[in-house]
Structures are given as structure tokens and as C-alpha cells.
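# Notes for the structure review
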Amino acid sequence: MRNFTIINIVVVVVFLFVAGHTGAQIVHKPGLGFTQACASPSFNTYNTTFEFEEGLINIASNQFIIELSDDTGSFSSPEVIYTSTAGEITSSPATIPFSIPTTTAGEAYKIRIKSTSPGSTSSGSNAFPAYYKIQDTPFSINNLNDTGVYCAGGSYLLTIDNPGTGDNDSPLQYPSLTFNWFKETSPTTSVFVAEGASLEVSEEGTYFVETNYGSCTSNSFSNRVTVSQATSGGTSSINSSLGNPFCSSQGLTTLTATSGSDYQWFKDGNEIDGAINRTYETNESGVYAVNVSLGSCSTSASIDLDANQFTSSIDIPEAPAINLMPASGSLTVTLTDTANSPEYEWYLNESLIAGATNNTYEATQVGNYKAIIKQTTGCISSKEYLFVIQDTFPDVENIPNLISPNGDGINDTWVIPQAYTSGTNTEITLISSQGEIVFQTNDYQNNWPVETLDFTDVNPVFYYIITTESQQTKKGSITVIK
């Protein structure tokens, strides 16, 4: 009887020992290698360290699993975020990495560890904030218009642009995100106003919105919009898409008024015909104004727009006017400008004049000239001037009926009285003996034939018709000899 009693006692003790360990915590509460998980597409790796009872784990077949709670710490519907391979983890303590899902957003997540052989589950970790920042760049609201106006008793709607203009990365493209609106209380402080993708404003102030990443810092925030209440005759402001001043060489800037029902734009006090939309595009400096109807009230705004262009001028008449070569045989032309680090180029008959790099040029040849001023620093831009220099027209008495274009400098072109030349708006028409119009102009330069004539006949004859501005007509013939 004694031996039987001893054996029973040993069996009971062994049973109690195994049963005690089977009901005990085989996998212990995991520790966190971080205080908050602020993940993004460029970073999403976190570590947890935990201990387990090595003698009670079937090392060869066991797998460890990490489960993530919901944002309140509840494991009623946990999400598996890591599973080890069988037999991968052999000793305690163990450190394993994991990543959080892209839909994670909350302040009180927990993780827990499970083993499969035998089945055991740890208690939950300490709670931690966790957010996946799927969008982490600044974005725009109200098309970057920095002001808004509402009538007394009304409101103004602020909305996140989707997608907005240019390369705006609208957070509305990501359905899992939520948003918090704020109102500034000082240049560096603000108060929470409401949640949502839009905000109806009926109180003056400066507003902005941030993507809700909780205690995680981010760059996902909007521009500021200052909203004010308008009364009839009140004023608002105009936004320039390229800023003010802007560089006109970058193209047109878009002027945007506050949202209303009807618009009329003005430049330098003059109404711009057809400019009746909320936006107006321009690349010119000037004082722009707009009248905006808001329904039950109206407002106006103005902007002194600086296209950041330099001013310049040339001291002789531009084309199509004609500049006559002085008797001295040279004409000095001067450019005046306010360009930054200016450079100058001069052209004669479309050919660059070598060495002509100053703001003055002494022209000694007749022809078609072009002068270019380049602003080389700051806002890169340029301006050009076209001008023509010709020999002085001789004031002949009669209309000649004979020319000899042989290059000897005598009677080479058909030179007529000044009453019919450039500046008198007289029409000159020359007709061949076959009835073909070979030349016609209202700005005759005493230069026909402009090109060498092809002599198919001996001493060909052409016919002219001269019609003055007052419709007086003269007709005759011209014989061309070698």
C-alpha cells in the first residue's frame, strides 16, 4: 500500500506541475522599441521584444504571430501584421520587426504576441499612437486664393482642392484620411474648429486644415485663407498665381478675385472689355481692380501688379517710321533702360553686328536694324526695338520715265518727288507690258527695282499708276535700259 501511495503522489505532483505551466503565460507581454509609430511610404519598420518560456515551446514547429488591435486597444477583431516561419525563433528574449497597415490612424493601438505550438497569447502591449502618413506634403484649399468674403448673415465655404492646380497632391485622393480645421489665434497659435473635408465659415478669421495624423508631426497641411465679412462697398483682395511682383518671362499670371456671382475687371481705372470671370490672366504691370457681386452685397479689390520688367526706350522713331541718314553719313542711336546687368545686341538686316555690345551704336549704313536689351539677372527678360535708316530722299521735280539699274550709282532706282514717297500714304503700282503687277506699296522708298530685273526684252517698258491719299492719279511709263 505504501508504494502505491507514493506513486500516486508523484503522478499528482507531475500533473499539477504541468497543468500549472500550461495555464501560465507562455508568451509574455511584448515591449516596444518606440513611443509612437509615424509611418510613411519611405519608412515603416518597428521592433518589439518579448520573452517566452522556452521549455514549453515546440521550437521546431512553432510560429510567433503579431496582432494589432483597433485604435482603442481592443483585440475583438485583431489584424495579423507579422507571422514568423516555423522554427525561426529559437531563444528568448526575441526581437522581431513589423510594419503597420496603410489604414492605421489612432492614438491607442496595442500589439500582442501569439504562439502556435502550443497555442498561447500574450497580454497587450502598452498603448501607442500609430498613423500611416500616406500623404505628407502641403496641399491647397480654395485654389490657393488667400482671401474669402461673405455677406452679413451668410457664410463662406472652405474646401480642400481635388486635385487642384499644378502638381497639388490632394489628400482627398486617399479615402482613409480625415481632416482637422483650425483658426489662427496668433501668427504662431491656433485652435481646433471642426473635422471634415470642408468648412462653412461665418466668423472672420484666418483658417487652414491639416490631415489628421494625431500626435505624429507631418507636412500635410494647407495654405491659409483669411475670411472677412463684406458690406456693400467693402474691399477684399486679389491673388496673383505667380506672386507679386512676378516674372513675366514665366508666362501669364492668373489674378483671382474672391468667390462671387458676377465680376468686372479694370486696369488702371479703365474697364477691361469682356473680363467678367472670377479670374483674369495678364503679363503686364498695372493697377488691376475687380468689382464682385456677392448676391446680397458687393465688394471690390485691387492689386498694384508688378511684372518685374525693366523699362526702356530708344531715342529715334521705331519702324515702320523711316529715319533718314544725316549728311554726315552716320546716325547715333541710344538705348536707355533700367535692366539688371543688361546686355545689348545690334543687328543690321538680321545679321548680328560684331562688337556692338554697348547701349549706343553709330550706324553708318542704311538698312533694317534691330536692337535687343537683355536683363540677365533676377527676372530674365528682354525687349527689342526695330528701326529703319535710309538715305535722304532727293526732292526731284518730275517723275522720271527712264532708269538704268546697272550699279553705277547713277539713276539706278526710280526716284520720284517726295510728295509721293514714304509717309504720304501714296499708292505706287508698277505693271509689266504683259499686264502683271510687279510692284505695289503705300510706303515707297525710292528703291525700285528692289531686286535685279531679269531682262528678257531689250529695254523693257513698265507702266506706273500713282494714287495719292486724296485719290489724285498720275500714270505713265518707265523704260529700263542697261
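Residues numbered from 1 in each chain as written. Predicted model: local features only at pLDDT ≥ 70, side-chain atom pairs only at ≥ 80, totals over all residues. Heavy atoms only, no water.

## Description of the pairing of strand β35 (residues 427-432)
Walk down a regular strand and you will see the side chains alternate between the two sheet faces. Rules: Exposure classes here rest on a 1.4 Å probe applied to the protein chains alone. A residue is buried below 20% of its type maximum, exposed above 50%, and partly exposed in between. Here a strand is any run of E in DSSP of at least two residues, a helix any run of H or I of at least four, and the numbering for each starts at the N terminus. Only strands that DSSP links by at least two bridges are regarded as paired with each other.
Of all six residues in β35, five are buried; the element is thus mostly enclosed. Relative to strand β37 (residues 461-467), β35 runs antiparallel, the two being bridged by six bridges. Across the sheet, E427 pairs through a bridge with T467, a residue of β37. Bridge analysis of β35 against strand β36 (residues 437-441) gives four bridges, and the strand direction is antiparallel. When the bridges of β36 are listed, I431 appears paired with I437. Between β35 and β36, which pair antiparallel one after the other, the connecting turn spans four residues, and G435 there sits at a positive phi close to 90°.

## What about the packing of aromatic side chains?
Test applied: Note on aromatic contacts: the rings of Phe and Tyr and the six-membered ring of Trp form a pair at centre separations within 6.5 Å, being stacked when their planes are under 30 degrees apart, edge-to-face when over 60 apart, and tilted otherwise. The criterion for a charge sitting over a ring is simple: Lys NZ or Arg CZ within 6 Å of the ring centre, and within 35 degrees of the ring normal.
Inspection of the entire model under this criterion finds 20 aromatic pairs. Between F439 and Y444, the aromatic rings sit 5.8 Å apart at their centres with planes inclined by 75°, giving edge-to-face as the arrangement. An identical accessibility class is assigned to F439 and Y444; each is buried. Cluster of aromatic residues (ring-pair linked, three or more members): F34, F43, Y46, F98 and F128. Taking NZ or CZ as reference, R224 lies 3.6 Å from the ring centre of F208, over its face.

## What to know about the state of the cysteines
Under the convention used in this document: Criterion for a disulfide: a pair of cysteine sulfur atoms at a distance within 2.5 Å.
This model, assessed by the stated rule, comprises three disulfides. There is a disulfide in this structure between C38 and C216, and the S-S distance comes to 2.0 Å. In this structure, the disulfide formed by C38 and C216 twists by about -85° around the S-S bond and is classed as left-handed. Linking C38 in strand β2 (residues 37-39) with C216 in the loop between β16 (205-211) and β17 (225-230), this pair joins segments that are 178 residues apart in sequence. You can call C38 buried: its relative accessible area is 19%. Owing to a relative accessible area of 6%, C216 belongs among the buried residues under this scheme.

## Notes on the sheet that holds strand β33 (residues 381-390)
Taking strand neighbours across the sheet as the criterion, the five strands line up as β27-β33-β32-β29-β30 in an open arrangement whose pairing is mixed. In this open sheet, the two strands that pair with only one neighbour each are β27 (322-324) and β30 (351-352). Examined bridge by bridge, strand β32 (residues 367-375) and β33 share nine bridges and lie antiparallel to one another. Note on β33: the bridge partner recorded for Q375 is S381.

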